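Working through the structure, step by step
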Amino acid sequence: KIQSMSPGMSLQDSLRHNKGCNCKRSFCLKRYCECFQADIYCSDNCRCVDCKNYEGSSSRAALLQSPTSRLQGGHAGSLGAGQ
């Protein structure tokens with residue numbers, strides 16, 4: 001779950017998961033990742049494997065800039081054969 005903003009919290013602190021995601025094979029770059037779906041980066045609370053949903057990730061940036069981005073409602077294919 002994403003925690004709600006309370007007095008004294010910064011916007012960055014309010015956009016974090018209390019629990020975090022548990023992604024194993026999606027690199028946290030698919031809509032069923034709680035963090036990616038909420039348009040926030042994974043954090044220390046997450047227990048994901050091989051995460052690519054972090055600030056400065058070239059994989060995340062390329063996916064979001066794609067004209068068929070999942071966040072824009074498109075149906076982009078996989079990230080590539082080697083990933």
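**Quick notes on the pattern of salt bridges**
On inspection of all chains with the given rule, the structure shows one salt bridge. Residue D39 pairs with R60 through a salt bridge whose shortest N-O separation is 3.2 Å. Note that D39 is positioned in the loop between α2 (34-37) and α3 (58-65) and R60 in helix α3, a separation of 21 residues in sequence. Relative accessible area serves as the criterion here: at 48%, D39 is assigned to the partly exposed category.

**Structural notes on the state of the cysteines**
A covalent bond between the sulfur atoms of two cysteines is what we call a disulfide. Counted according to the given criterion, the structure contains zero disulfides. Here C23 is not cross-linked by a disulfide; its sulfur's nearest cysteine counterpart is in C33, at 3.6 Å. Since its relative accessible area comes to 10%, C23 is described here as buried. There is no disulfide at C51, and the cysteine sulfur nearest it, in C42, is 3.6 Å away.

About the cut-offs
For every chain, the first residue of the written sequence is number 1, and numbering continues from 1 onward in sequence order. Where local features are concerned, this predicted model is filtered to residues with pLDDT of at least 70; where side-chain atom pairs are given and counted, the filter is 80 or more; whole-chain, interface and lining totals use all residues. Only heavy atoms go into the side-chain values, all of them from the structure, while hydrogens and water stay out. When a carboxyl oxygen of Asp or Glu lies within 4 Å of a side-chain nitrogen of Lys or Arg, that pair is called a salt bridge. The helix and strand labels rest on DSSP assignments: H or I over at least four residues marks a helix, E over at least two residues marks a strand, and numbering proceeds from the N terminus. Exposure classes here rest on a 1.4 Å probe applied to the protein chains alone. A residue is buried below 20% of its type maximum, exposed above 50%, and partly exposed in between. Only a pair of cysteine sulfur atoms within 2.5 Å qualifies as a disulfide here.

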